Amino acid sequence: MRLATILLCFLLALPASAQGIQQTKGNFEDKFRQLDEVLPDPNVYRNASGAPGHQYWQQEADYTIKARLDEDRRRLSAESTIRYTNNSPDTLPWIWLQLDQNIFRTDSMAELTDDFGGPGRRGPAVSTGGGGEPARLSLEEVRRQQAMEDNEYGYEIRSVRLVNGGDLPHTIVGTLMRIDLPTPLEPGQSVEFAIDFDFNIVEENAIYARSGYEHFPDDPRPGGNDIYLFAQWFPRLVAYSDYEGWHNKEFLGRGEFTLEFGDYDVTMTVPDDHIVASTGVLQNPTEVLTAQQRQRLERARSADEPVFIVTPQEAEANERTGPSGTKTWHFAAENVRDFAWGSSRKFAWDAQGHKQPGAENETVIAMSFWPKEGGELWRKYSTAAVVHTMKVYSRFSFDYPYPTAQSVNGPVGGMEYPMITFNGPRTTLNDDGTRTYSLSEKMFLVGVVIHEIGHIYFPMTVNSDERQWTWMDEGINSFLDSVAGYEWDPDMPWGGSIPRDLIPYMVSNNQVPIMTQSDSVLNLGPNAYGKPSAAYHILRDTVIGRERFDFALKEYARRWKFKRPTPADFFRTIEEASGTDLDWFWRGWFYTTDHVDISLDSIYKMRIDTENPDIDLSRRRAELASDPAKIGVLLNEEQDLPIWVLEHPGITDYYDENDQFTVTPKDRERYTSFLEGLEPWERKVFDRAVKEDKNYYVLTFSNKGGLVMPIILGLTFTDGSTEKMTIPAEIWRRNPREVSKLLVFDKGKELQQVVLDPNWETADADIENNYYPRRIIPSRIDAYKSEGGNSRLSRDLMNEAAGE
Ligand SMILES: [Zn+2]
């Protein structure tokens, strides 16, 4: 899911386990303390290296569903058959199902616990006032209330029964339903049961549901047209895992889905002028597509550019008339964890084959579906972005695992399902009938398509638990979508996923650790998307290095492809595949709310004394002379005060010609006896050091943000040369607050300036204390404050420029 809005948050105290209990004298904190006491113990299902254990298992749920869309009543009816296979070592007396549509019942836990004005709120921002202001209610909020009042949402379960058997007792608990089996399901056994259900389809723009219908009242057809997006639409198995048993966590809206893999056979009966986009592969093209459409689809398989199956002109003609009956589309999908689809008479449709030589699916059909409102923006960029995503993500993980990859425009801003994604960006209709869009809408389209298609890898294939840990899929996906974004066009003003983007969030008070349950996270965008993404960029580019990080990430993806990883499996795999102890990194970045701020406090320059009085004493004389003159003496001079010894030139003696640095024969004797007193090895070392006369610098650093990080130094020398040096984070292991580092350079190589983290790669919050010597802080009087950088991005400059 893509998160566009940023919500306000509150500070939560860290769980005690995050820090570990540590008893030390003084103020010492071991930032490198191992994480084993926090992570679950390895076992036969998940081993200590982070891989699936030798007895790893997971359940399977296969579905056959016949669905009918009643467009007039905006209601979906379906008969489903589920074959559930118990691969666990446990005997199961019952089965739990997820009834996600029940979240829209007025008595759902999500509705009842909706904190008005609270940070976890779905939908548009509301205000409870604060600061003495009265509470305000937005029109969006009122629209939602009215839609909930006017419609009855949630499932109507018509029957639950065994296939070839009788009715099954079932108990509905909010968004969950327990089915009691007549005989417990033994390990290795399967059970087949059927559920018939209906529900009223929610209006997405009123309810904010990740699915539903959108109505277009201005369409030329009397009564207008709809786009339907179906997701979380059928009763799905609750996951049963080795680490949690049944995942009985109520759907509260934020924490997404925890699901089982299985095969699907789905038919949807829809108005016969609709085009259906769906998870899976179309099984009956001859029944639902024209001969011309089938030819075009075949041509698209080998095309280098997207080919229209339904042209925008054909779609516009289609949306003017109406249906003459119904058509039944038939899709099948293998080994998917979910199934979603969209349906509308408004859809234009293009497709292009993406080649993966040697892969299980050698040709993947990339497709996009959009109404006229998507316009040129979609024609140019949607399917292209689908193909680009597969190219980049497969490099980091595995071949795209399915035969199709689709991007469908509709009312959902951005949401992912196996083989299909829903994406929201659109064009604006101008008075002259043209359609234009802003740069931010273009960035939104390319970015959201990459992001949602990327989710087909994580978590649709690497099946992490979204209900508990949003960051597991969103973090890796935001990291990879930013990699793909910069490989699409590095000049686009992308934001939100690289280390420097996260600084304002990481210094804010409104934070919880990344390791926070999905529904309790306050500021979901930066917490579960941006911060883990920034962390992976730092691991990749700074801590581990690209080659080993990419190897480790690929190993994680390979190990857990079509399996269910936990956070510990991820942490352990990245450590062991990269060969790096990263417990300090996971502890700091994922279990605390510390930020990065390292200060370069001082640099001392040192030089070896030669002990030779003829050299050292004249150096010391020069040093003394370089001290500033005494202010009193300076002011005396300004006043022209008489100086006694100048007024009485006759009273000089030895000390007027010689100072305390004058070398005496005694000094030279002491030097000789010093040299003679050295052991042979001491003499060798001393002679060499004096001869080489190197520059010794001691740099002192303090850790102001709390997170220990590598110290990256950009060194500039007086001869104009530069050097970059990275000191691993382990320098902080004995003192996480202050450290110093000795640097040695050849004679003549003198430091002029040192800048910490010169490329802004660690999310260091205060860059001014990174300069030594400190610099004058560049700033500017912002004449464009009222329409700063971001608002210019969202202006439709195509349209504004057209007026010139
Ligand atoms: Zn997402």
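Our structure is the block above this text.
Computed from a prediction, not measured in an experiment: that's the story for all the values here.

**Digging into the packing of helix α16 (residues 613–626) against helix α20 (residues 665–677)**
For the pair α16 and α20, interaxial distance at closest approach is 10 Å and the crossing angle is 120 degrees. On the basis of the axis angle, α16 is oblique to α20. Within the contact between the two elements, α16 uses P613, D614 and L617 and α20 uses D667, R668 and Y671.

**Regarding the sheet that holds strand β18 (residues 341–344)**
Read across the open sheet, the 4 strands follow the order β8-β9-β18-β14; overall the sheet is antiparallel. Looking at strand neighbours, the two that pair on one side only are β8 (212–216) and β14 (275–278), the edges of this open sheet. Averaged over all pairs of adjacent strands, the angle between strand axes in this sheet comes to 10 degrees, irrespective of strand direction. Pairing of β8 with strand β9 (residues 225–230) involves 5 bridges; the strand directions are antiparallel. Counterpart to H215 in the pairing with β9 is D226.

**Here's the deal with the pattern of salt bridges**
The tally for this structure, following the rule as stated, stands at 53 salt bridges. The partner of E37 in a salt bridge is R33, with the nearest N and O atoms 2.9 Å apart. Residue classification places E37 among the partly exposed residues on the basis of a relative accessible area of 46%. Of the charged contacts in the structure, one is a salt bridge between D107 and R105, with a shortest N-O distance of 3.0 Å. Accessibility expressed as a relative area gives 34% for R105, which makes it partly exposed. Linked through salt bridges whose partners overlap, the residues forming this network are D219, E319, K346, K372 and E373.

**Let's talk about the side chain of E761**
Mapped onto the elements, E761 comes out in the loop between β31 (751–756) and β32 (771–772). In this view, E761 contacts P499, I538, D541, T542, I712 and K724; residues no more than four positions away in its chain are not counted.

**Here's the deal with a negative patch on the surface**
A cluster of acidic residues, D609, E611, E623 and D627, forms a negative patch at the surface. On the secondary structure map, D609 appears in the loop between β26 (598–606) and α16.

**Some points on unusual backbone geometry**
Cis peptide bonds are those with omega within 30 degrees of zero, and the linkage from F458 to P459 qualifies with 15 degrees. Mapped onto the elements, P459 comes out in the loop between α9 (439–454) and α10 (470–488). With omega at -5 degrees, the peptide bond leading from Y772 into P773 counts as cis. A positive phi is found at N164, a non-glycine position, where the angle reads about 60 degrees. Note on placement: N164 falls in the loop between β4 (155–162) and β5 (170–173). Given the relative accessible area of 81%, N164 is considered exposed.

**Examining the pairing of strand β27 (residues 695–703)**
Residues in a regular strand project their side chains so that they alternate between the two faces of the sheet. Of all 9 residues that make up β27, 8 are buried, and the element is covered over most of its length. One ladder, built from 8 bridges, connects β26 with β27; its direction is antiparallel. Across the sheet, the residue bridging to S599 is S702, located in β27. Here β27 pairs with strand β30 (residues 738–745) via 8 bridges, running antiparallel. Looking at the pairing, V698 lines up with L742 of β30.

**Digging into helix α15 (residues 583–591)**
Owing to its 3.6 residues per turn, the α-helix brings residues three or four apart onto one side. Burial analysis of α15 places 9 of its 9 residues in the buried class, which makes it a mostly covered element. The set of residues buried in α15 consists of D583, W584, F585, W586, R587, G588, W589, F590 and Y591.

**Details of the pairing of β18**
Side chains W341 and S343 of β18 all project onto a buried face; the interleaved residues G342 and S344 project onto the opposite face, where all are buried too. Pairing geometry for β9 and β18, over 3 bridges, is antiparallel. Its bridge partner being in β18, Y228 is matched across the sheet by S343.

**Quick notes on the environment of L675**
Locating L675 in the fold gives a position in helix α20. The exposure class assigned to L675 is buried, which follows from its relative accessible area of 13%. Separated by 12 residues in sequence, L675 and D687 place their C-alpha atoms 9.6 Å apart. Among residues more than four places away in sequence, those in contact with L675 are R683 and F686.

**Concerning the sheet that holds strand β23 (residues 420–423)**
The 6 strands are arranged β16-β19-β20-β21-β23-β22 in an open sheet whose pairing can be described as mixed. If you trace the sheet from one side to the other, it starts and ends with β16 (307–310) and β22 (414–417), each paired once. The average angle at which neighbouring strand axes cross in this sheet is 20 degrees, direction not considered. Bridge count for strand β20 (residues 363–370) against strand β21 (residues 404–409) is 5 bridges, and the pairing is parallel. Looking at β21, one finds that M367 is bridged to Q406. On top of the sheet, helix α6 (residues 291–301) reaches β16, β19 (348–355) and β20; it is set at about 155 degrees to β16, its chief contact.

**What to know about the environment of P425**
Looking at where P425 falls in the secondary structure, it is placed in the loop between β23 and β24 (428–429). According to the relative accessible area criterion, P425 is buried, its value standing at 0%. When the C-alpha positions of P425 and W378 are compared, they lie 8.6 Å apart, and in sequence the two are 47 residues distant. Beyond its immediate stretch of four places on either side in the chain, P425 contacts L377, W378, N409, E441, F444, L445 and V448.

**Considering the side chain of D597**
Along the chain, the position of D597 falls in the loop between α15 and β26. An unpaired buried charge is present at D597: no salt bridge exists, and K704, the closest side chain of opposite charge, is 6.6 Å distant. Of the polar contacts made by the side chain of D597, one reaches the side chain of N769; its length is 3.3 Å. Those residues in contact with D597, other than ones at most four positions away along the chain, are S702, N703, K704, G705, D764, A765, D766 and N769.

**Let's talk about the packing of helix α8 (residues 375–396) against helix α13 (residues 546–560)**
Where α8 meets α13, the axes come as close as 8 Å, and the angle between the chain directions of the two elements is 95 degrees. As far as their axial angle goes, α13 and α8 are roughly perpendicular. Contact residues: α8 offers S394, R395 and F396, while α13 offers D550, L553 and K554.

What counts as what
Residues numbered from 1 in each chain as written. Predicted model: local features only at pLDDT ≥ 70, side-chain atom pairs only at ≥ 80, totals over all residues. Heavy atoms only, no water. Axes fitted to C-alpha atoms, helices over the stretch in contact; angles between N-to-C directions. Helix = DSSP H or I, 4+ residues; strand = E, 2+ residues; numbered from the N terminus. Parallel < 35°, antiparallel > 145°, perpendicular 65-115°, else oblique. Contact = heavy atoms within 4.5 Å. Pairing = 2+ DSSP bridges. Salt bridge = Lys/Arg side-chain N within 4 Å of Asp/Glu carboxyl O. Buried < 20%, exposed > 50% of the residue type's maximum accessible area, 1.4 Å probe, protein only. Patch = residues over 30% accessible without salt bridge, like charges linked within 9 Å, V, L, I, M, F, W, Y side chains within 5 Å. Areas by Shrake-Rupley, 256 points an atom, 1.4 Å probe, with all protein chains shown as cover. Lys, Arg positive; Asp, Glu negative; His and termini not counted. Charge placed at Lys NZ, Arg CZ, Asp CG, Glu CD. Polar contact = N/O pair within 3.5 Å; in protein donor to acceptor, adjacent residues only side chain to side chain.

Such coordinate-based values are descriptive only and should not be taken to indicate function.
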